[in-house]
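# Architecture and fold: a report
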Amino acid sequence: MAGKYALLEKYLRSLPRTQEEVILTFENIEQVLNDALPPSAHEDRAWWGNQQQGTQVDVVAWMDAGWMVDTVDLREKWVKFVRQ
């Protein structure tokens, strides 16, 4: 766990095991990261894709924490994560 998205991974890992989903606004995520999401996160649904392999460190952060993106609303600026 390294880099900017390590804080997101840490946050998701800290949620109670009994919690099976969490909805975070982009603003919530930026507060966790203490940094802005890239423009592509606001514009491209594919940025939030669940890839097992690849170079997107953001995806690795939530998947390594045991979560997957279930729903993204680019208009309302929120994402729903579900526990794997």
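On a predicted model such as this, the values are computed, not experimentally measured, just so you know.

## Observations concerning the sheet that holds strand β2 (residues 67-73)
Strand pairing within a sheet occurs via backbone hydrogen bonds; the two strands may be parallel or antiparallel. Strand order in the open sheet formed by three strands is β1-β3-β2, and the pairing between neighbours is antiparallel. Either end of the sheet is taken by a strand with one partner, and the two such strands are β1 (21-25) and β2. Taking the axes of each pair of neighbouring strands and ignoring which way they run, one obtains an average angle of 25 degrees across the sheet. As judged from the five bridges shared by β1 and strand β3 (residues 78-83), these two strands associate in the antiparallel manner. The residue bridging I23 from the neighbouring strand is K80, located in β3. The strands that helix α2 (residues 26-33) touches are β1, β2 and β3; relative to β1, the one it contacts most, it runs at about 90 degrees.

## Here we look at the packing of helix α1 (residues 6-14) against α2
Running from N to C, α1 and α2 cross one another at 105 degrees; their axes reach a closest spacing of 8 Å. Considering their axes alone, α1 and α2 lie roughly perpendicular with respect to each other. Together, L7, L8 and Y11 of α1 and I29, V32 and L33 of α2 make up the contact between the two elements. A class-by-class count of the residues in the contact of α1 with α2 yields six nonpolar, no polar and no charged.

## Description of the environment of D64
Here D64 shows up in helix α4 (residues 57-64). On the basis of relative accessibility, which here comes to 44%, the residue D64 falls in the partly exposed class. Once residues lying within four places of it in the same chain are set aside, the contact partners of D64 are E9 and R13.

## Observations regarding the pairing of β3
The pairing of β2 with β3 spans six bridges and is antiparallel. Across the sheet, T71 pairs through a bridge with K80, a residue of β3. Taking the residues that link successive antiparallel strands as the turn, the β2-β3 hairpin has four residues, and the phi of K77 there is positive, at about 65 degrees.

About the cut-offs
Residues numbered from 1 in each chain as written. Predicted model: local features only at pLDDT ≥ 70, side-chain atom pairs only at ≥ 80, totals over all residues. Heavy atoms only, no water. Pairing = 2+ DSSP bridges. Helix = DSSP H or I, 4+ residues; strand = E, 2+ residues; numbered from the N terminus. Axes fitted to C-alpha atoms, helices over the stretch in contact; angles between N-to-C directions. Contact = heavy atoms within 4.5 Å. Parallel < 35°, antiparallel > 145°, perpendicular 65-115°, else oblique. Nonpolar A, V, L, I, M, F, W, Y, C, P; charged D, E, K, R; others polar. Buried < 20%, exposed > 50% of the residue type's maximum accessible area, 1.4 Å probe, protein only.

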